[in-house]
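# Examining the three-dimensional arrangement
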Amino acid sequence: MNQTKKETVIIGAGITGLTTAYYLNKKKDHSFIVLEKSDHIGGVIRTGRERGFLYEEGPNTGVIGTPEIASLFEEIQDNCRVLEANKNVSKRHILKNKQWHSLPSGPLKGLTTPLFSLKDKFGILGEPFRKPGSNPDESLAELVVRRMGKSFLDYAIDPFILGVYAGDPAYLITKYAFPKLYNLEQNYGSFIGGAIKKNFEKKQEHDKKVTRKVFSTEDGLGGLTNTLYKLAGNKHFALECKDINITPNDHTGFRITFKQKNTTHVVVAKNVITTVPAYELNNILNFDEKDLLEKVSKVRYGPVIQAAIGFRKWQGRSLDAFGGLIPSRENLPILGILFMSSLFRNRAPLGGALLSVFLGGIRNPDVLEKSDAEIIAIIKEMLPSLLKTESFNPDLIKIMRYKNAIPQYGLDSKDRFYATEKLSECYPGLHIGGNLRDGIGMADRVKQGKYLADSVNSKKNIHEKQSF
Ligand SMILES: Cc1cc2nc3c(=O)[nH]c(=O)nc-3n(C[C@H](O)[C@H](O)[C@H](O)COP(=O)(O)OP(=O)(O)OC[C@H]3O[C@@H](n4cnc5c(N)ncnc54)[C@H](O)[C@@H]3O)c2cc1C
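Residues numbered from 1 in each chain as written. Predicted model: local features only at pLDDT ≥ 70, side-chain atom pairs only at ≥ 80, totals over all residues. Heavy atoms only, no water.

### Overview of the environment of arginine 49
Here is the rule we go by: Working definition: helices are DSSP H or I runs of at least four residues, strands are E runs of at least two. Numbering for both runs from the N terminus. Residue contacts are counted whenever heavy atoms from the two residues lie within 4.5 Å of one another. For the purposes of these results, a polar contact is taken to be a pair of N or O atoms within 3.5 Å, where, inside protein, one atom must be able to donate a hydrogen and its partner to accept one; residues adjacent in sequence count only when each atom of the pair is a side-chain atom.
Mapped onto the fold, arginine 49 is located in strand 3 (residues 47–50). If near-sequence neighbours (up to four positions away) are discounted, arginine 49 is found in contact with Leu54, Tyr55 and Asp219. A polar contact is formed between the side chain of arginine 49 and the side chain of aspartate 219, at a distance of 3.1 Å.

### Focus on the packing of helix 1 (residues 15–26) against helix 2 (residues 67–76)
To characterise two packed helices, one gives the angle between the axes of the helices and the distance between these axes. The line we're drawing: Axis definition: a line fitted to C-alpha atoms, limited for helices to the stretch in contact. Angles are taken between N-to-C directions and run from 0 to 180 degrees. Throughout, the term roughly parallel applies to angles under 35 degrees, roughly antiparallel to angles over 145, roughly perpendicular to angles from 65 to 115, and oblique to all others. Left-handed describes a crossing in which the near helix is turned anticlockwise from the far one by less than a right angle; the clockwise case is right-handed. Classification convention: Asp, Glu, Lys, Arg as charged; Ala, Val, Leu, Ile, Met, Phe, Trp, Tyr, Cys, Pro as nonpolar; all other residues, Gly among them, as polar.
Running from N to C, helix 1 and helix 2 cross one another at 55 degrees; their axes reach a closest spacing of 13 Å. In terms of axis orientation, helix 1 runs oblique to helix 2. Between helix 1 and helix 2 lies a crossing whose hand is left-handed. Facing helix 1, whose interface residues are Tyr22, Tyr23 and Lys26, helix 2 presents Leu72, Glu75 and Ile76. Split into classes, the residues belonging to the contact of helix 1 with helix 2 amount to four nonpolar, no polar and two charged.

### Looking at the packing of aromatic side chains
What describes a pair of aromatic rings is the distance from one ring centre to the other and the angle between the planes of the rings. Quick reminder of the rule: Working definition: rings of Phe, Tyr and Trp (its six-membered ring) pair if their centres are within 6.5 Å, and the pair is stacked with planes under 30 degrees apart, edge-to-face with planes over 60 apart, and tilted otherwise. Throughout this description, buried means an accessible area under 20% of the type-specific maximum (1.4 Å probe, protein chains only), exposed means over 50%, and partly exposed covers the range between. Counting as a charge over the ring demands two things of the Lys NZ or Arg CZ atom: a distance within 6 Å of the ring centre and an angle within 35 degrees of the ring normal.
The full count for this structure, using the stated rule, is 14 aromatic pairs. Relative to phenylalanine 417, the ring of tyrosine 409 lies with its centre 5.9 Å away and its plane at 75 degrees, an arrangement referred to as edge-to-face. Like phenylalanine 417, tyrosine 409 is buried. Grouping aromatic residues by their ring pairs yields a cluster made of Phe160, Tyr165, Tyr176, Phe178, Tyr409 and Phe417. The ring of tyrosine 171 has arginine 300 sitting right over it, with the charged end atom 4.7 Å from the ring centre. Residue placement shows arginine 416 over the ring face of tyrosine 409; its charged tip is 5.4 Å from the ring centre.

### Describing the sheet that holds strand 17 (residues 353–360)
This is how the line gets drawn: Note on pairing: two strands pair once DSSP finds at least 2 bridges between them.
Taken in spatial order, the seven strands line up as 8-7-15-16-17-14-18 in an open sheet, and their pairing is mixed. With one partner strand each, in any of the chains shown, strand 8 (99–102) and strand 18 (396–407) form the two edges of the open sheet. On average, each strand axis in the sheet is tilted by 25 degrees relative to the strand beside it, whichever way the strands run. Bridge count for strand 14 (residues 301–311) against strand 18 is nine bridges, and the pairing is antiparallel. Its bridge partner lying in strand 18, tyrosine 301 is registered against proline 407. In this fold helix 6 (residues 150–165) packs onto strand 7 (92–96), strand 15 (323–325), strand 16 (334–339) and strand 18, with an angle of close to 115 degrees to the strand it touches most, strand 7.

Spatial relationships are all this shows, so hold off on functional conclusions.
Below you can see the structure in the form of structure tokens.
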């Protein structure tokens, strides 16, 4: 049995754990190790290359939505070439009655689009004058209908939520899933008024970095995680760690045992940072507080099937857009399609196209039961009419399955966030991170990863205090 001592143990080498490791490695005197269950780093972020296509297996694009991710990109620019998405293809199409329509980008287009009802188009003029909501547990669907109308819910918010959360706006609670939106209404009384006022407010220097531009890297998103792995120091990582078991240890913080290639290892550490999915926590945290652990571990996840479909020679409609989203009301098995080769260079051979097609979501979990052949049959039946291709003969088909893709920030989030704080209070040095809290997007993951590193360096509690 091997026994070592570290200041910090990080569990999980997805983008959150990698960011924490990167920042800990910058503090040259902080000893740490990252324990990862699988045989690769990156978590759900993986990029594949085949036959001239560069495709994503997990997330496809990120948004520069926090100052932390912008700063990280500045720091690693010599090692990782970040790409901004092609500005000329920013249109998002929404399917209504079998026709694609662009999501309006301004008030004038908003008045002429067939996506929204006449009543809602004129009703939106009254949005700044509507009273703010008083129910902190209001779902996103309720909030949108109250402030903007049902057709905005059906043909703007619902497809957006399918694209981001693979979720249902009636399940997500605004305060937890979209805290900035919730605060906009609470602090400014309205979305429109709040957005205008915020535009005129003086921004702090680091907030100016939040461009909200869409990014990937020259090597796909795997290029980002590989860079973090390299800069965090490969020697700090142990892959294929099985049966990780964390127990409190009165004098030293925590005792962590795990198996790697039939050898049992023991690490004694002052701090433990978990970045694993919620449902893994019960397996690794061997604590007495079963009630709190249950609250932290139980989260509903949106399932996703993602298919990378590549064509060496594209002969369908022009792919001069970000992609297309299909609202639930259209009742089709496909959630949306991203035109990856239009967004970033080198995704497909010249003249070809690479698409990412999404199926499943919280309302269609049964799709996950289908075989690859059945999934391909669905795509084959739908894509030609959606993208006006006469035939469907792709040169690349990759099907990726995520039973637990995205955690849904529903009503139970309040208890979950409370329980993570409570467990950290019971066990100083324990930090429960990962996308079960603080946001699901990569920008939020990087922000949390940096805060986790800062917190074990400064021994402060990382999370901005939340009111429960
Ligand atoms: C299909 C899909 C599409 C997405 N699309 C987007 C998008 O377009 N844009 C965007 O910003 N975000 C997107 N997301 C969300 C975003 O990618 C994730 O929230 C983020 O990558 C999660 O990073 P993480 O490090 O917190 O967790 P993970 O990536 O889940 O990493 C956790 C790591 O912990 C390891 N682990 C698990 N259990 C154990 C254990 N017991 N012991 C040790 N290690 C363990 C796992 O193997 C994994 O490596 C998408 C997610 C999915 C699944």
